[in-house]
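Each chain is listed here by its residues.
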Amino acid sequence: MPVKNRFAELLPEITAWRRDFHQHPELDYQVHRTAGRVAELLRSFGVDEVTEGVGRSGVVGTIRGRSNASGRVIGLRADMDALPINEQTGAEYASKTPGVMHACGHDGHTAMLLGAAKYLAETRNFDGTAVVIFQPAEEGGAGGLAMVQDGLVDRWGIQEFYGMHNMPGYPVGSFAIREGAMMAAADQFDIIVTGKGGHAAKPHEAIDTMLVSAQIVSALQSVVSRNVDPLKSGVVSVCTVQTDSTAHNVIPQVVKLRGTARSLDPQVRDQLEAGIARIATHTAAAFGATAEVNYDRGYPVTMNHPEATGFAAEVARQVAGGVDMEMEPLMAGEDFSYMLNERPGAYIFVGNGDTAMVHHPAYDFDDNAIPAGASWYAGMVEARMPVQA
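Conventions we followed
- Residues numbered from 1 in each chain as written.
- Predicted model: local features only at pLDDT ≥ 70, side-chain atom pairs only at ≥ 80, totals over all residues.
- Heavy atoms only, no water.
- Domains from an automatic or database assignment.
- Buried area = accessible area lost by both parts, 1.4 Å probe.
- Salt bridge = Lys/Arg side-chain N within 4 Å of Asp/Glu carboxyl O.
- Helix = DSSP H or I, 4+ residues; strand = E, 2+ residues; numbered from the N terminus.
- Buried < 20%, exposed > 50% of the residue type's maximum accessible area, 1.4 Å probe, protein only.
- Axes fitted to C-alpha atoms, helices over the stretch in contact; angles between N-to-C directions.
- Parallel < 35°, antiparallel > 145°, perpendicular 65-115°, else oblique.
- Left-handed = near helix turned anticlockwise from the far one by under 90°.
- Contact = heavy atoms within 4.5 Å.
- Pairing = 2+ DSSP bridges.
- 1 Å grid on protein atoms, 1.4 Å probe; cavity = no way out; pocket = protein on both sides within 12 Å on 5 of 7 lines; lining within 4 Å.
- Points joined across faces, edges and corners; volume = space filled by probe spheres on them.
- Nonpolar A, V, L, I, M, F, W, Y, C, P; charged D, E, K, R; others polar.

Asker: Tell me what's going on with the domain arrangement of the chain, and back it up with residues and numbers.
Answerer: Think of interface size as the accessible area that goes away when the parts come together; that is how it is often given. Entries for the chain in the domain assignment read domain 1 (5-183 + 301-385) and domain 2 (185-299). Inter-centroid distance (C-alpha atoms) of domain 1 to domain 2 is 37 Å. Together domain 1 and domain 2 conceal approximately 910 Å² of surface at their shared face, both sides included; 67% is due to carbon and sulfur atoms. Where domain 1 meets domain 2, there are 0 salt bridges.

Asker: For the pattern of salt bridges, give the residues involved together with the corresponding values.
Answerer: If you walk through the whole model with that rule in mind, you get 26 salt bridges. In this structure, Glu-9 engages Arg-6 in a salt bridge whose closest nitrogen and oxygen atoms are separated by 3.1 Å. Of the two residues, Glu-9 and Arg-6 are both situated in helix H1 (residues 5-23); the distance of 3 residues between them amounts to about one turn of the helix. According to the relative accessible area criterion, Glu-9 is exposed, its value standing at 54%. Overall, the relative accessible area of 26% leaves Arg-6 in the partly exposed class. Overlapping salt bridges, with partners in common, bring together Arg-18, Arg-19, Asp-107, Asp-364 and Asp-367 in one network.

Asker: Requested: an account of the packing of H1 against helix H3 (residues 106-123), with residues and values cited.
Answerer: Following both chains from N to C, one finds H1 and H3 inclined at 140°, their axes separated by 9 Å at the closest point. One way to sum up the angle between H1 and H3 is to call them oblique. Handedness of the H1/H3 crossing: right-handed. Across from Arg-6, Phe-7, Leu-10, Glu-13, Ile-14, Trp-17, Arg-18, Phe-21 and His-22 in H1, the residues of H3 making contact are Asp-107, Gly-108, Thr-110, Ala-111, Met-112, Leu-114, Gly-115, Ala-116, Lys-118, Tyr-119 and Glu-122.

Asker: Hey, could you go over the sheet that holds strand E1 (residues 49-54) for me, with residue numbers and the actual values?
Answerer: Pairing in this open sheet of 7 strands is mixed, and the strands run E1-E2-E4-E3-E5-E15-E6 from one edge to the other. Only two strands of the sheet have a single partner each, and these edge strands are E1 and strand E6 (175-176). Of the strands in this sheet, strand E5 (160-167), E6 and strand E15 (345-351) touch helix H9 (residues 306-320), which is tilted by about 30° from E15. Against the sheet, helix H11 (residues 370-384) contacts strand E3 (73-79), strand E4 (129-135), E5, E6 and E15, and its axis sits at roughly 165° relative to E5.

Asker: Describe the layout of surface pockets, listing the residues and the values that go with them.
Answerer: Of the pockets and cavities examined, the largest pocket occupies roughly 720 Å³. Lining the largest pocket are 31 residues, and of these Glu-139, Ala-186, Arg-262, Ala-332 and Gly-333 lie nearest its centre. Where the lining of the largest pocket is concerned, the elements lending two or more residues are E5, strand E8 (185-194), strand E10 (234-243), strand E12 (254-263) and strand E13 (290-299). Per element, the largest residue contribution to the lining of the largest pocket is 5 residues, and it comes from E8. In the lining of the largest pocket, the residues fall into 12 nonpolar, 10 polar and 9 charged. Of the domains in this structure, domain 1 (5-183 + 301-385) and domain 2 (185-299) are the two that each give at least three residues to the lining of the largest pocket.

Next comes the structure, spelled out in C-alpha cells:
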C-alpha cells in the first residue's frame with residue numbers, strides 16, 4: 001500500500017480545493033462557505049449520505065463499502081477552521097479575508113480527507129462503513145466536543161476514530177506517531193489581584209497590586225518545578241498582565257493575570273490547578289491583598305490507544321516506507337481528544353517539510369504532502385475493514 005496512484009492523478013484537483021479553502025478562510029463555527037463546499041463535493045462524489053450542521057456547522061459523510069459482513073464503522077476526521085492572523089506567505093492564493101488565514105493547515109487536512117472520500121466512493125474496496133467527519137472550531141472552540149454532544153458517535157455508530165495533522169520540520173509525506181499521550185490537556189486561568197490603589201509616590205498608603213502580581217508570577221514557576229514529578233511534564237505560563245490604570249504614577253487597585261496550564265496526565269492536571277490557586281491566594285494574602293482564581297479546563301489530553309496506534313502506524317509504514325514511532329508528545333492542545341475519549345483510535349502527524357511552524361503568518365501547507373495524507377486516510381479504511389475473500 002504505497003501512495004495510491006489515484007491520488008497522484010487527483011493531486012491537481014485536490015490542490016485546487018485546498019487553495020480555494022486557503023483563499024477563503026473562516027473562523028471557529030462560522031465555516032459556512034467551507035462546510036457548504038465540502039458537502040457539495042461529497043455529494044458530487046456519490047457519497048451515500050451527507051449530513052450538514054452537525055455540532056453547529058460540521059459535515060458528516062457516510063460511504064458504504066461493497067459489503068458489510070464485518071459491521072464495522074470507522075470514522076476519519078479533519079478540521080476546517082482558520083486562525084485570526086494576517087497572512088505573510090506572499091502566495092498567489094493567499095487569504096482574501098483580512099486578518100484571517102489558514103496558518104495551521106486545516107485547509108490541507110480538509111482537502112486530503114475530501115480526496116480520500118472521493119477515492120473511497122469510487123472504489124468501495126472495503127467491508128463496512130466509512131464515516132468522513134469535517135469538524136469546525138478546533139482552534140479553541142471545542143468543535144470536536146460539539147460534534148460528540150450532537151450524537152456523532154451514536155448517530156453514525158462509529159467504533160474507531162482516526163485523525164491527522166501536518167507537522168513542519170518532518171520530511172514531506174513522512175509520518176510520526178506515538179502510543180499514549182500525544183498532545184496535552186490545554187487549560188487556562190485568570191487571576192484577579194485586588195489591593196488598595198494609590199499614588200505611586202505614596203506606596204506606603206497603598207497595597208501594591210503590581211508588586212503582588214509580580215510575586216505571584218514568579219512563585220507560579222514552582223508549581224511545576226517543585227510539585228510535579230520531574231519525570232512527568234507540565235507547563236504554567238502567565239501570558240497577560242492587565243491593570244485598571246495606564247498612568248505612570250498610579251498604583252492600580254486591580255491587576256488581572258491570564259495564562260495557560262498544560263499537562264499530559266490527569267494527576268499532573270490536578271496538581272497544576274490546585275497549585276495555581278494555592279500560590280496565588282496565599283501570596284496575595286501575605287501582602288495584604290486578595291486573589292480570585294478562575295481555572296477553566298479546556299481540551300483533554302489527546303491519548304492514542306495502543307492497538308489503534310499500531311494500526312495507524314502500519315498503514316503509514318506501508319504508505320511512506322517507515323514511520324517515526326518515538327515522536328515526543330506536544331504540549332499544544334487538540335480537540336480530537338474528545339472523540340478519542342469516546343472510542344478507540346489514534347492521531348498521526350504527516351510531514352510538511354521545511355516550512356514555517358504552524359500558527360506563524362508565513363506558514364503554508366505543502367501540497368506535496370497530499371498524496372501521502374490522502375493515501376493514509378483511505379488506507380485506514382481498507383486496512384481496518386478489508387474485503388472478505
